[in-house]
Amino acid sequence: MSAAARTYLSRFVPLTIAYAVLVFAAPYAIWAWTAQGPLLWLIAALPAVPIIGMFWCIGRYIVELSDEYLRLLEIRKALVATAVTLSVASIWGFLEIYADATHLPTFFIPVIWFGGLGVGSLVNLVIEREAAQ
């Protein structure tokens, strides 16, 4: 494992844990404190902070990668994830408007993007197999 990958994991894992904790802690805190007004908004936004950190972490990882080929693969994954996310959001938006589809909460957008990284990994595998033949 490269130094960049170790640094990435040392940043990403605590952010993931913080996200998991805040997703459960925020609604409980809102309920326990009967939060309203600015406090409600602050508590409700807290789970987004680690997600923002995860995006920063991925960006730092790409910058810190010394191998240009590995950097290309990570950038391609991110581009595919972005394309998947924007495609799903566009399609679902039109389904909501024209077909009365259930509203999809926007907090699913990062979830879709992270899933899109998996799709990007598959794209990388297909492209690399084709290049090897």
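One can find the structure itself at the top, above this paragraph.
> Would you mind going over the side chain of Lys-77 with me for this structure?
Looking at where Lys-77 falls in the secondary structure, it is placed in helix α4 (residues 68-99). The contacts of Lys-77, once residues within four sequence positions are left out, are Gly-116, Leu-117, Gly-120, Ser-121 and Asn-124.

> It is not clear to me how the environment of Ala-29 should be interpreted in this structure. Could you clarify?
Summarising the element assignment, Ala-29 is placed in helix α1 (residues 3-33). Taking relative accessible area as the criterion, Ala-29 reaches 12% and is therefore assigned buried. C-alpha of Ala-29 to C-alpha of Glu-74: the two residues are 45 residues apart in sequence and 37 Å apart in space. Ignoring any residue separated from it by four or fewer positions in sequence, one finds Ala-29 in contact with Thr-34 and Ile-43.

> Can you help me understand the nonpolar core in this one?
As a rule of thumb, soluble globular proteins bury nonpolar side chains together. In this structure, Tyr-8, Phe-12, Ile-58, Tyr-61, Trp-113 and Leu-117 are the most contacted members of the largest nonpolar core, which totals 14 residues. Elements represented by at least two residues in this core include exactly α1, α3 (48-64), α4 and α5 (108-132). Sequence-distant contacts of Ile-58, defined by excluding residues within four places in its chain, comprise Tyr-8, Phe-12, Trp-113, Phe-114 and Leu-117.

> I keep staring at the packing of aromatic side chains and nothing clicks. Help me out?
The way to describe two aromatic rings as a pair is by their centre distance and the angle between their planes. Throughout the structure, instances matching the rule amount to nine aromatic pairs. Ring centres of Tyr-28 and Trp-31 lie 5.6 Å apart, and the angle between their planes is 45 degrees; on these two criteria the pair is classed as tilted. Here Tyr-28 and its partner Trp-31 are both found in helix α1, three residues apart, which amounts to about one turn of the helix. Here Tyr-28 falls in the exposed class, since its relative accessible area comes to 54%.

Definitions and limits used
Residues numbered from 1 in each chain as written. Predicted model: local features only at pLDDT ≥ 70, side-chain atom pairs only at ≥ 80, totals over all residues. Heavy atoms only, no water. Helix = DSSP H or I, 4+ residues; strand = E, 2+ residues; numbered from the N terminus. Contact = heavy atoms within 4.5 Å. Buried < 20%, exposed > 50% of the residue type's maximum accessible area, 1.4 Å probe, protein only. Core = buried A, V, L, I, M, F, W, Y, C linked by side-chain atoms within 4.5 Å. Phe/Tyr/Trp six-rings, centres within 6.5 Å; stacked < 30°, edge-to-face > 60°.

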